[in-house]
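# Secondary and tertiary structure notes
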Amino acid sequence: MQKAIRLAEIACSKDEVPVGALIIKNEKIIGQGYNQKEQLKDPTAHAEIIAITSAASTLNDWRLNGCFMYVTKEPCVMCSGAIINSRISTLIFGAYDDEKGCCGSLYTLCGDSRLESQTTVRGGIEEEQCSILLKDYFKKKREKG
């Protein structure tokens, strides 16, 4: 999770919402990303999507069976769908998102058998550190006006 937090800090330094994600298979990082919506002018450029694309490219396969994703914030509906579709085995996230989180807060998509999802989810890992990054970012944004 510390590597994902460092990726989130990179996003923050580029004036992006501080979310970082990485994907591990067989104890090796095969994909990583951080939010780049503003930089790329792309609404789908979330950390999770970028990490999934990177991992799929590394494996030369869209199926990410046996992979673990670490992300600093609970995934949204779009990212949860991508996690399910890519067949990531385990999702581990930091901060819960009561407004848009779809892995336990607002909805529970990952792991929902109705969606044929077999993704195991663990939230709240390094939650305080991940939450502080987000809170500080949005506080500075509000202060800038």
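Just above sits the structure.
Below you will find a few notes about this structure. (Residues numbered from 1 in each chain as written. Predicted model: local features only at pLDDT ≥ 70, side-chain atom pairs only at ≥ 80, totals over all residues. Heavy atoms only, no water.)

The subject of this paragraph is the environment of Leu134. By the secondary structure assignment, Leu134 is in helix α5 (residues 127–144). Of the residues examined, Leu134 reaches a relative accessible area of 11% and is grouped as buried. Apart from residues no more than four positions distant in its own chain, Leu134 is found in contact with Val17, Pro18, Val19, Lys73 and Ala95. (Helix = DSSP H or I, 4+ residues; strand = E, 2+ residues; numbered from the N terminus. Buried < 20%, exposed > 50% of the residue type's maximum accessible area, 1.4 Å probe, protein only. Contact = heavy atoms within 4.5 Å.)

Helix-helix packing: each pair is described by the crossing angle between the helix axes and the interaxial distance. Running from N to C, helix α1 (residues 2–13) and α5 cross one another at 5 degrees; their axes reach a closest spacing of 11 Å. The angle between α1 and α5 falls in the class roughly parallel. Taken together, the residues of α5 that come into contact with α1 (itself represented by Gln2, Ile5, Ala8, Glu9 and Cys12) are Gln129, Cys130, Leu133 and Tyr137. Looking at side-chain class alone, the contact of α1 with α5 contains 6 nonpolar, 2 polar and 1 charged residues. (Axes fitted to C-alpha atoms, helices over the stretch in contact; angles between N-to-C directions. Parallel < 35°, antiparallel > 145°, perpendicular 65-115°, else oblique. Nonpolar A, V, L, I, M, F, W, Y, C, P; charged D, E, K, R; others polar.)

Okay, the pairing of strand β1 (residues 20–25) next. Where β1 lies against strand β2 (residues 28–34), 6 bridges are found, and the strand directions are antiparallel. The residue of β2 that forms the bridge with Ile24 is Ile29. Taking the residues that link successive antiparallel strands as the turn, the β1-β2 hairpin has 2 residues, and the phi of Asn26 there is positive, at about 50 degrees. Judged from the 4 bridges that link them, β1 and strand β3 (residues 68–73) form a sheet pairing that is antiparallel. Residue pairing for β3: Ile24 is matched across the bridge by Phe68. (Pairing = 2+ DSSP bridges.)

Consecutive residues of a regular strand have side chains that alternate between opposite faces of the sheet. Counted residue by residue, strand β4 (residues 90–95) has 6 buried out of 6 residues, so it is predominantly covered. Here β3 runs beside β4; their pairing, made up of 5 bridges, is parallel. Note that in β4 the partner of Tyr70 across the bridge is Ile92. The parallel pair β3 and β4 is bridged by helix α4 (residues 77–85), and the resulting crossover is right-handed. Where β4 lies against strand β5 (residues 120–122), 3 bridges are found, and the strand directions are parallel. (Right-handed = clockwise from strand over helix to strand, strands pointing away.)

Another point: the packing of aromatic side chains. For the structure shown, the criterion picks out 2 aromatic pairs. With 4.9 Å between their ring centres and 80 degrees between their planes, Phe93 and Tyr96 make a pair best called edge-to-face. Measuring from centroid to centroid gives 5.0 Å for Tyr137 and Phe138, while their planes differ by 80 degrees, and the two rings are edge-to-face. Looking at Tyr137, the relative accessible area reads 7%, which means it is buried. Judged by relative accessible area, which is 37%, Phe138 ranks as partly exposed. (Phe/Tyr/Trp six-rings, centres within 6.5 Å; stacked < 30°, edge-to-face > 60°.)

The next subject is the nonpolar core. Counting residues in each nonpolar core, the largest one holds 38 residues, and the members touching the most others are Ile23, Ile52, Leu64, Met69, Ile83, Ile88 and Leu91. Counting residues per element, the ones that place at least two in this core are α1, β1, β2, α3 (47–59), β3, α4, β4 and α5. Discounting residues that sit within four places of it in the chain, Leu91 has contacts with Met69, Val71, Pro75, Ile83, Cys103, Cys110, Thr119, Thr120, Val121 and Arg122. (Core = buried A, V, L, I, M, F, W, Y, C linked by side-chain atoms within 4.5 Å.)

A few words on the sheet that holds β5. Here we have 5 strands laid out as an open sheet, ordered β2-β1-β3-β4-β5, and mixed in their pairing. This sheet does not close on itself; its edge strands, each paired only once, are β2 and β5. Taking each pair of neighbouring strands and ignoring which way they run, the sheet shows an average axis angle of 15 degrees. Most of the contacts of α1 go to β1, to which it runs at about 145 degrees, and overall it touches β1, β2 and β3.

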